[in-house]
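Spelled out, the chains give:
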Amino acid sequence: MLLAYPFRVLVPRRAAPEAAVSAAVTLLVLAGAAGLAPTSVVIALAGGAGATLAGVRLSRLATRRSADPSPADPSHPDLSHPDSSPRAAAVLLDAAVVAAGVSAAVLPLADSGHRAAALVGSLVVAALSAAGLRRLVGRTRTPTQARLRLLIEATGPAIGLALAGWLLLPRDTLPVPARMAAALVLGGLGMAALSAFTGPYRRASGAICRGGVLLTLVGLVLLTALPPASAGRAALLAVPPLVLGMLLTALGAGDAVAAGYAVATGDAVATVGRVAPAWPRAVLPAAVLLLAGGLHLGAGRAPDRTSVLLALAAVPPLVLRELLRAGDAASPERRAAHRRRSGRAVRHRRAAQQRWLGASEHPAGTTAAGSAISDGVGSTWPPDDGATWSALGRRSVLSAGGGPGERAALLDALAAIGDVPVPVGALLLVDLHSADAIGPTGREDVVAEAARRARAIIARGDLVAGCTGAGFAVVTSAGPVVAYALGTRLLSVLTPPYQLAGSVLRVQASIGLAEVSGAGPADVLRQAELARRRAVQLGRDRVEWYDAFLEEQLVRRLDLERELPGAVARGELDLVYQPVLDLASRQPVGAEALLRWRSPVLGTVLPTELLPVAEDLDLVGELEWWVLDRACRQLADWSAGSRELWMAVNVTTRELTTPDFVQRAAAVLAAYGVSPERLVVEVAEPRVAADLSTVVARLAGLRSLGVRTALDDFRAEHASLAQLRRLPIDLLKVGPELVGARPDGQPPLIDVVVNVGERLGVEIVAEELESPAQVEGAHRAGCRYGQGFALARPATAERVEAYFEEFPSTSR
């Protein structure tokens, strides 16, 4: 159990079988390297284990059925059909993994002719894998120019890896032509795998699957080239890439097939990371080559002619790569000039201007006549129905709703950046917010002024454009770092006050940034919009940069918002209970009811993630009254067994301050026949200051019923200590940060809190105690009660009741 806990924490549940197989294979390889197990047995067992797990996962994918077995929309195919691409890909990749596992299991046992058999096995695996990858939904489709550029950049490091293979492969048992062929194949496969895992599409499921296939082939080629298992332990070097490759193949295929089903049901979400760092593809091959060269020279061997030729062959692609990178370092003005010389870019710009401004031209800095359209929500600004600010070049207009034409024009502008050989650029979506109400004329004035400020700081080739629901957009040809700096400058020029007809309007700005390279225009627009939403959530007046983790967070949030309504009616809520103990006697005196949402779609959701969503959806009251009702019912059951315990429930200040809270609480207690003194209502200290007088009145009302009250999350600050004297509470809950010694060497703050509590007649509960030292420190400081993992963990009602049975008396 002690070893299982860190394993559960560090390894996601989804990848637990892979982690277990990897650990077992590592132990096998170590045993083989130490001579404790025959090499052939190690290779056979390791290859069989990896192939079995990967094959099981791929077989499940091949037999998986669509979430909607009878889709009404013909554009959504039934993915359970045998001809479906995701299912065909899973079948082919399953066959490839099985073939690789059989090769690994059989080849070490065949001393004679093992290389011919290994070559046949490798070709079969390569053919099946190539066919499966072609049918994989998640595979990336790189543009031809970008593919050529990647090939040029990878050629030099690939030759370096081939040189390393030439130096390390055995000379005595491998003929020169076979040795050269094996070295070249290993160099190409190794660099291709490295590019898949570290390239522009490294986060895509298809890239992970492709990298796994390449690693599997590297392992098979090593089995082919290295001496047979009976000749030594060198063949063990083929085990790590072989097993890891098979596992990654299955994992990547699973994500890609899941993406295929999401496409069929309309729930697909693209995941594109930031621009890939180039250093792994340059540093890792160089490190391998240096290691190989060091081992070669350390063995007393001089470089041969082939080594020199391979080293010289790596020079031209490296020089070409540096020349291309030097071209990439051109200034934004040169890249803008290149696009202006491009006929297609000019056509995009002209078409975009016609769509944004119409056929007529308007003076610089003015608005088109009649272009200000009512947003449909009165004079409140900014509008809530997607009103869009648009500006092109030196013109500004305000249009309501945006419309598909504006979106198409912005996509065209983003696509124009892709005309250059190496796309570099960024999209910034700017959203402006103001709590002040202004009329249509005021909106136009703010639009014109904001556009003027933005135009004043952007480069000549950059574009300020309209985008539905996002304020306005800036398309820049600068790289990501420069684009982020542009975003911060936009914040500085857009947030100063606006003078409107004698009044002053203050505006906040939220900016989302997404890079153009590595994704299509629609994906870039979606990524920038997600980043903009994140900037709004984090308080506005900030620039947020898109990354894949951000998208995962936002998608998770949308899932929570979709599933939470109706969770009470569906019976998905649950309570667990954490005992509270008397620190002197170590006897349980009560328990705290903790909410859990057992969603069949999202799994178990904790309050820290659940409550913010419930607050935004105005569902906190429904959830908290359910908790109070269920906790009182459980408390009635425990009281019937002559256990004198109290039950603590958490209540937000928003619900506590409702006018009828005290009356409703009294009704729940009466309904279950629970004595009021057995109920403890907890409210978090950081939130009571917003409506302190009302909180005081409600807590006093609860105490008049006999209900005990508690202040949770006490911080021991000056303001907290001051308002503590006003709050009618019975219990004060403090965290472990107050129990431990302070960095400045001063006594723990818990001593001060306990002294204040004694003067006010308030008992102290030390919560979140996770070590015996914290428990002892809280007890020594004078805390009467304690709660935390070091004392008792949260559990279901049945388990907590069994825990209570272990004590002779459980009284208040």
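Residues numbered from 1 in each chain as written. Predicted model: local features only at pLDDT ≥ 70, side-chain atom pairs only at ≥ 80, totals over all residues. Heavy atoms only, no water.

A. Representation of the overall build of the protein chain within the structure. Secondary structure assignment for the protein chain yields 28 helices and 18 strands. Residue pairs in contact within the protein chain that sit at least 24 positions apart in sequence constitute 74% of those at least 6 positions apart. By element, 60% of the accessible surface of the protein chain is carried by carbon and sulfur atoms, the whole surface being about 37,200 Å². (Helix = DSSP H or I, 4+ residues; strand = E, 2+ residues; numbered from the N terminus. Contact = heavy atoms within 4.5 Å. Areas by Shrake-Rupley, 256 points an atom, 1.4 Å probe, with all protein chains shown as cover.)

B. Quick look at the sheet that holds strand 9 (residues 542-545). With respect to topology, five strands assemble into an open sheet ordered 4-5-3-8-9, the strand pairing being mixed. The sheet is open, and its two edges are formed by strand 4 (463-465) and strand 9, each paired on a single side. Going across the sheet, the axis of each strand differs from the next one's by a mean of 20°, ignoring polarity. Most of the contacts of helix 18 (residues 521-537) go to strand 8 (residues 508-515), to which it runs at about 145°, and overall it touches strand 3 (426-433), strand 8 and strand 9. (Pairing = 2+ DSSP bridges. Axes fitted to C-alpha atoms, helices over the stretch in contact; angles between N-to-C directions.)

C. Seen up close, a negative patch on the surface. Together, Asp713, Glu737, Glu768 and Glu770 make up a region of like negative charge exposed at the surface. With a relative accessible area of 58%, Glu770 lands in the exposed category. (Patch = residues over 30% accessible without salt bridge, like charges linked within 9 Å, V, L, I, M, F, W, Y side chains within 5 Å. Salt bridge = Lys/Arg side-chain N within 4 Å of Asp/Glu carboxyl O. Lys, Arg positive; Asp, Glu negative; His and termini not counted. Charge placed at Lys NZ, Arg CZ, Asp CG, Glu CD. Buried < 20%, exposed > 50% of the residue type's maximum accessible area, 1.4 Å probe, protein only.)

D. Summary view of the packing of helix 21 (residues 620-640) against helix 23 (residues 661-672). Following both chains from N to C, one finds helix 21 and helix 23 inclined at 30°, their axes separated by 9 Å at the closest point. In terms of orientation, helix 21 lies roughly parallel with respect to helix 23. Considering the relative orientation of helix 21 and helix 23, their crossing is right-handed. Here Trp625, Leu628, Asp629, Cys632, Arg633 and Ala636 of helix 21 come into contact with helix 23, specifically with Phe661, Arg664, Ala665, Val668, Leu669 and Tyr672. Residues of the contact of helix 21 with helix 23, tallied by class, amount to nine nonpolar, no polar and three charged. (Parallel < 35°, antiparallel > 145°, perpendicular 65-115°, else oblique. Left-handed = near helix turned anticlockwise from the far one by under 90°. Nonpolar A, V, L, I, M, F, W, Y, C, P; charged D, E, K, R; others polar.)

E. Region of interest: the packing of helix 19 (residues 548-563) against helix 20 (residues 607-616). It is the contact of helix 19 with helix 20, at a shortest axis distance of 10 Å, that shows an interaxial angle of 65°. Like other packed secondary-structure pairs, helix 19 and helix 20 cross with a definite hand, here right-handed. Every residue of helix 20 that contacts helix 19 at Arg556, Arg557, Leu560 and Glu561 is listed here: Glu609, Pro612, Val613 and Asp616. Taken together, the residues that form the contact of helix 19 with helix 20 break down as three nonpolar, no polar and five charged.

F. Region of interest: the pairing of strand 14 (residues 679-684). Counted residue by residue, strand 14 has five buried out of six residues, so it is predominantly covered. Across four bridges, the pairing between strand 13 (residues 646-650) and strand 14 is parallel. Across the sheet, the residue bridging to Met647 is Leu679, located in strand 14. The sheet contact formed by strand 14 and strand 15 (residues 708-714) spans five bridges and is parallel. The residue bridging Val681 from the neighbouring strand is Thr709, located in strand 15.

G. Broad picture of helix 20. Every buried residue of helix 20 is accounted for by Leu610, Val613 and Ala614. For helix 20, the angular spread of buried residues about the axis comes to 105°, placing them on one side. Opposite the packed face of helix 20, turned more than 90 degrees from it, sit the exposed residues Thr608 and Asp616. Contact partners of the buried residues in helix 20: helix 19, strand 11 (588-599), strand 12 (603-605) and helix 21. (Arc of directions from axis to C-beta.)

H. Here's a closer look at the packing of aromatic side chains. The tally for this structure, following the rule as stated, stands at seven aromatic pairs. Measuring from ring centre to ring centre gives 5.4 Å for Trp638 and Phe804, while their planes differ by 80°; the resulting arrangement is edge-to-face. A residue pair is termed long-range when its members are at least 10 positions apart, and Trp638 in helix 21 and Phe804 in helix 28 (residues 797-805) qualify at 166 residues. Both residues of the pair, Trp638 and Phe804, belong to the buried class. (Phe/Tyr/Trp six-rings, centres within 6.5 Å; stacked < 30°, edge-to-face > 60°.)

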